[in-house]
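Below, each chain spelled out in residue letters.
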Amino acid sequence: MRFLWLLMYSLLCAVLLTCFSTIHDFVKYIFSLGALYVGMRFFRRFEQIGFRIWFIVIAVLFYFIFSLIVALYTQAGITAP
């Protein structure tokens, strides 16, 4: 069960960081604050060093994956019908 919480928090943090890095408006800082808040909630809930390290590693990996997906999507030029 704790592994699912780890994945959920990491996934949410990675999505917020991806939004922060792809949006070029002032609203991007709201996503940054959201990622900071999610990280603080995770660190408050899980005090083990191992879980904290895995949270950072998995969040960074998800961030790179989502950033790659967004970059490929924008370069493909796919538009909505």
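Residues numbered from 1 in each chain as written. Predicted model: local features only at pLDDT ≥ 70, side-chain atom pairs only at ≥ 80, totals over all residues. Heavy atoms only, no water.

A word on the nonpolar core
In this structure, Leu6, Tyr9, Cys13, Leu16, Ala35, Val38, Phe42, Phe46, Phe51, Phe55, Ile58 and Ala59 together form the largest nonpolar core, which totals twelve residues. Those elements that provide at least two residues to this core are α1 (2-22), α2 (28-45) and α3 (49-76). Excluding residues that lie within four positions of it along the chain, Phe51 makes contacts with Arg2, Leu6, Phe42 and Phe46. (Core = buried A, V, L, I, M, F, W, Y, C linked by side-chain atoms within 4.5 Å. Buried < 20%, exposed > 50% of the residue type's maximum accessible area, 1.4 Å probe, protein only. Helix = DSSP H or I, 4+ residues; strand = E, 2+ residues; numbered from the N terminus. Contact = heavy atoms within 4.5 Å.)

A few points about the side chain of Lys28
Its place among the elements puts Lys28 in helix α2. Asp25 is the oppositely charged side chain nearest to the buried, salt-bridge-free Lys28, at an N-O distance of 9.6 Å. Here Lys28 is in contact with Phe20 and Ile23, once residues within four sequence places are set aside. (Lys, Arg positive; Asp, Glu negative; His and termini not counted. Salt bridge = Lys/Arg side-chain N within 4 Å of Asp/Glu carboxyl O.)

As for the side chain of Thr18
Relative to the helices and strands, Thr18 resides in helix α1. Residue classification places Thr18 among the buried positions, given a relative accessible area of 6%. Residues in contact with Thr18, not counting those within four places in the same chain, are Tyr63, Phe66, Ser67 and Val70.

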